[in-house]
Amino acid sequence: AKYMPVPELDAGAVHALKMKLGDSGVMRCFTNGPQGSPWQDACCYYGTAEMIYRAFDDPAWTHEFLEILLRKKMEFYKKNLVPLKGVFAMIETGGGAASNSVISPAMFEDFCLPYDIRQHDLIHEIDPGISISYHTCGGMMKLLDLIPRNGCDFSETLSPPGCGGDIRDHQDEAEVKKTLGSKVKLMGGVNQSTVLEKGTR
């Protein structure tokens, strides 16, 4: 809380990149910290297993830690998105430590959802033109009702078991579309391991 700096983007350099990109792609922003959301940052800094144990043993400490990390992210958005309003089209939050292959839906609801709601609300307040993509590294079948509650615009990566997710080919797609896709946009879904490593030209 006291010593971790919040980076400031070079606005001129960002505008130059935007001009260079033009309409040829999507200008994405990032957030400070190793991941997109406070719980995922905490797992990177403290260790995933250690954070899970700590959340059960000392939830007050865990929430205090997450609150500090959230404040750092919100400071980053205020410092960088305000002067660059209208430049970025998308920002990615979330991260694999919130997938249901790592934590339970109950833990997601307690330690991820409240913090993601607040950071997503602030991003949309600062720049309504930014779409928020919430990343779960593919482990999401037990979170289909929870993910849209955080205020994201996209859910990704929709990964099949072949590349670390839990959306089974030709079995779960209809449920994902009906449950999750009726509330947010869907992004991803390609089994890149099979396509890139084993696919034909």
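The preceding data block contains the structure.
Here we summarise the structure given alongside this text. (Residues numbered from 1 in each chain as written. Predicted model: local features only at pLDDT ≥ 70, side-chain atom pairs only at ≥ 80, totals over all residues. Heavy atoms only, no water.)

Some words on the sheet that holds strand E2 (residues 90-94)
Sheets are built from strands that pair by backbone hydrogen bonding, the pairs being arranged parallel or antiparallel.
At step 1: Strand order across the open sheet formed by 5 strands is E1-E2-E3-E4-E5, with parallel pairing between neighbours. Pairing within the sheet leaves two strands with one partner each, and these edge strands are strand E1 (28-29) and strand E5 (185-186).
At step 2: Two strands pair when backbone bridges link them, and E1 and E2 are joined in this way by 2 bridges, in the parallel orientation. The residue bridging Cys 29 from the neighbouring strand is Ile 91, located in E2.
At step 3: Contacts from helix H6 (residues 113-126) reach E2 and strand E3 (131-135), with the element oriented near 155° to E3. (Pairing = 2+ DSSP bridges. Helix = DSSP H or I, 4+ residues; strand = E, 2+ residues; numbered from the N terminus. Contact = heavy atoms within 4.5 Å. Axes fitted to C-alpha atoms, helices over the stretch in contact; angles between N-to-C directions.)

Description of the pattern of salt bridges
At step 1: Taken as a whole and assessed by the stated rule, the structure comprises 6 salt bridges.
At step 2: Of the charged contacts in the structure, one is a salt bridge between Arg 28 and Glu 92, with a shortest N-O distance of 2.8 Å. Separated by 64 residues along the polypeptide, Arg 28 in strand E1 and Glu 92 in strand E2 bring together distant segments of the chain.
At step 3: The residue Asp 41 makes a salt bridge to Lys 73 at a minimum N-O spacing of 2.9 Å. Of the two residues, Asp 41 sits in helix H2 (residues 38-46) while Lys 73 sits in helix H4 (residues 59-80), which places them 32 residues apart along the sequence.
At step 4: Of the residues examined, Lys 73 reaches a relative accessible area of 0% and is grouped as buried. (Salt bridge = Lys/Arg side-chain N within 4 Å of Asp/Glu carboxyl O. Buried < 20%, exposed > 50% of the residue type's maximum accessible area, 1.4 Å probe, protein only.)

Concerning the packing of H2 against helix H3 (residues 48-57)
At step 1: Two elements in contact, H2 and H3, have axes separated by 7 Å at closest approach and are oriented at 115°. Seen along the crossing, H2 lies across H3 with a hand that is right-handed. Residue-level contacts link Trp 39, Ala 42, Cys 43 and Tyr 46 of H2 to Thr 48, Glu 50, Met 51, Ile 52, Arg 54 and Ala 55 of H3.
At step 2: Looking at the contact of H2 with H3 residue by residue, the class counts come to 7 nonpolar, 1 polar and 2 charged. (Left-handed = near helix turned anticlockwise from the far one by under 90°. Nonpolar A, V, L, I, M, F, W, Y, C, P; charged D, E, K, R; others polar.)

Notes on the pairing of E3
At step 1: Of all 5 residues in E3, 4 are buried, a share of seventy percent or more.
At step 2: Looking at chain direction, E2 and E3 are connected through 5 bridges and run parallel. Directly across from Met 90, in E3, lies its bridge partner Ser 131.
At step 3: Relative to strand E4 (residues 154-156), E3 runs parallel, the two sharing 3 bridges. Directly across from Tyr 134, in E4, lies its bridge partner Ser 155.

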